[in-house]
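Descriptive analysis of the structure
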Amino acid sequence: MPRFAANLSMMYTEHDFLDRFAAASADGFTAVEFLFPYDYSATELRHRLDDHGLRQVLFNAPPGAWESGERGIAALPGREAEARSGIARALEYAAALDCPRLHVMAGLVPPDATEKDLAEHRDTYLANLVWAAERAAAVGVDILIEPINGRDMPGYFLSRQAAAHAVVQDAGAPNLKVQLDLYHCQIVEGDLTTTLRRDLPTGRVGHLQIAGVPDRHEPDRGEIDVSHLFGVVDDLGFDGWIGCEYRPRAGTSEGLGWLNDYRGDSA
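Summarised in this report is the structure supplied together with it. Since the model is a prediction, treat every value here as computed from it, not as a measurement.

**Section: a negative patch on the surface**
There is a patch of like negative charges on the surface, built from Asp112, Asp117, Glu120 and Asp123. Along the chain, Asp123 falls in helix H4 (residues 115-137). On the basis of relative accessibility, which here comes to 52%, the residue Asp123 falls in the exposed class.

Okay, here's the thing in structure tokens:
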């Protein structure tokens, strides 16, 4: 059965961040993910995980100037030193938190970027990912890349599944994988069942995420039949985690009815 991780950046926002670990555990989650850990010491986060019997399964490398609108820098020419320094810092956190996956965000490209510009962005992205994967492999961590829809994040460099898989194949690193967010995928290209059946058997998908479409609320709200998709994931033998990266409509705990059929299988 699918295994679900609570995304503490989006869920349980009715609590202070450090209190969200306890809230997720109380609701039966045994794993968590979040965007960024860097406002807190790795020691403090490790204590929260241990105190509440939780596993950290994913977080993001530093994304550049997030508050100023940057959304990653790995595909931005001229920012290589900053990107690699951030990845090194993230790997230190991953080791402390025993977290096996690190998402490296690509960044935004100008709307008037030419084909030559986009090729330069891709070359930069690929070089940084190869560098990251080599260092992550030494500490048992997978590097993930995620296609993100252009409605929520206009200008994001990577938006389609095929493009992400092509990057992974070109890099040739076994620990570089795709983070398949079914919310983003539905908005950009749809055909989720076929996407899962095509891509999960390749072994190139390292993590799944889910939210309702179009409003990014609970997974059972909107146009996606999540029970069907979870069945497809099961049939394909995917043994990774599904991150619940959605914004609850009201209180997080009150909106978890969709999870009832799977609560015994979130470990």
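**Some points on the side chain of Asp199**
Note on placement: Asp199 falls in helix H7 (residues 192-199). Residue Asp199 is classed as buried on the basis of its relative accessible area, which comes to 4%. Ignoring sequence-local partners within four residues, the contact set of Asp199 consists of Gln161, His165, Arg204 and Val205.

**Focus on the pairing of strand E6 (residues 176-181)**
Most of E6 is tucked away, with five of its six residues classed as buried. Of the pairings in the sheet, the one linking strand E5 (residues 142-145) to E6 comprises three bridges and is parallel in character. Bridging across to E6, Ile145 finds its partner in Val178. Taken together, E5, helix H5 (residues 161-171) and E6 form a β-α-β motif whose crossover is right-handed. Pairing between E6 and strand E7 (residues 205-210): four bridges, direction parallel.

Definitions and cut-offs
Residues numbered from 1 in each chain as written. Predicted model: local features only at pLDDT ≥ 70, side-chain atom pairs only at ≥ 80, totals over all residues. Heavy atoms only, no water. Patch = residues over 30% accessible without salt bridge, like charges linked within 9 Å, V, L, I, M, F, W, Y side chains within 5 Å. Areas by Shrake-Rupley, 256 points an atom, 1.4 Å probe, with all protein chains shown as cover. Salt bridge = Lys/Arg side-chain N within 4 Å of Asp/Glu carboxyl O. Lys, Arg positive; Asp, Glu negative; His and termini not counted. Charge placed at Lys NZ, Arg CZ, Asp CG, Glu CD. Helix = DSSP H or I, 4+ residues; strand = E, 2+ residues; numbered from the N terminus. Buried < 20%, exposed > 50% of the residue type's maximum accessible area, 1.4 Å probe, protein only. Contact = heavy atoms within 4.5 Å. Pairing = 2+ DSSP bridges. Right-handed = clockwise from strand over helix to strand, strands pointing away.

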